[in-house]
Amino acid sequence: MINRRKLQVSIQELKEKRNAIILAHVYQRGEVQDIADYVGDSLDLSRKAVNTNADVIVFCGY
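## Structural notes on unusual backbone geometry
Now for step 1: Non-glycine residue N19 carries a positive phi angle of around 50°.
Now for step 2: Among the structural elements, N19 can be located in the loop between α1 (4-18) and β1 (20-25).

Next up, the structure:
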């Protein structure tokens, strides 16, 4: 099993390398929300996405 802290560090490094942000719906698991840059509902997250300079946007939802 992957160490949770190591995974968080790896994701943070990848976000910086790719100039990415992570958006997560409020109903996502805590582990996903913990690494997200923004947590909210669809409208709020869409607004965050429009106002970012990120090259990559990871939208966690279903």
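From this point, things continue past the structure.
## Observations regarding the sheet that holds β1
Now for step 1: Strand order in the open sheet made by the three strands is β2-β1-β3, with parallel pairing throughout. Two strands close off the open sheet at either side, each with one partner strand: β2 (38-40) and β3 (56-60). Direction aside, the axes of adjacent strands within the sheet are offset by 20° on average.
Now for step 2: Relative to β2, β1 is paired through three bridges, and the arrangement is parallel. Among the inter-strand pairings, H25 is bridged to a residue of β2, identified as G40.
Now for step 3: The sheet strands contacting helix α3 (residues 42-50) are β1, β2 and β3, and the helix crosses β2 at an angle near 150°.

## Details of the pairing of β1
Now for step 1: Within β1, six of the six residues are buried, leaving the element largely enclosed by the surrounding structure.
Now for step 2: Summarising the sheet, β1 and β3 pair through five bridges and their orientation is parallel. Within β3, the residue paired with A20 across the bridge is V56.
Now for step 3: As for the winding sense of the linkage, the β-α-β connection from β1 through helix α2 (residues 30-35) to β2 is right-handed.

## Comments concerning a nonpolar patch on the surface
Now for step 1: Where nonpolar side chains cluster on the molecular surface, the patch consists of V26, Y27, V39 and Y62 and spans about 460 Å² of accessible area.
Now for step 2: Inspection of the secondary structure assignment puts V39 in strand β2.

## A few points about the pattern of salt bridges
Now for step 1: Taken as a whole, this structure holds three salt bridges when the rule is applied.
Now for step 2: Among the ionic pairs, D34 bridges to R4, the shortest N-O distance being 2.4 Å. Of this pair, D34 sits in helix α2 while R4 is found in helix α1, placing the two residues 30 residues apart along the sequence.
Now for step 3: Notably, a salt bridge pairs R29 with E31, separated by 3.2 Å at the nearest N-O pair.
Now for step 4: The class for E31 is partly exposed, based on a relative accessible area of 36%.

Analysis parameters
- Residues numbered from 1 in each chain as written.
- Predicted model: local features only at pLDDT ≥ 70, side-chain atom pairs only at ≥ 80, totals over all residues.
- Heavy atoms only, no water.
- Helix = DSSP H or I, 4+ residues; strand = E, 2+ residues; numbered from the N terminus.
- Pairing = 2+ DSSP bridges.
- Axes fitted to C-alpha atoms, helices over the stretch in contact; angles between N-to-C directions.
- Contact = heavy atoms within 4.5 Å.
- Buried < 20%, exposed > 50% of the residue type's maximum accessible area, 1.4 Å probe, protein only.
- Right-handed = clockwise from strand over helix to strand, strands pointing away.
- Patch = residues over 30% accessible without salt bridge, like charges linked within 9 Å, V, L, I, M, F, W, Y side chains within 5 Å.
- Areas by Shrake-Rupley, 256 points an atom, 1.4 Å probe, with all protein chains shown as cover.
- Salt bridge = Lys/Arg side-chain N within 4 Å of Asp/Glu carboxyl O.

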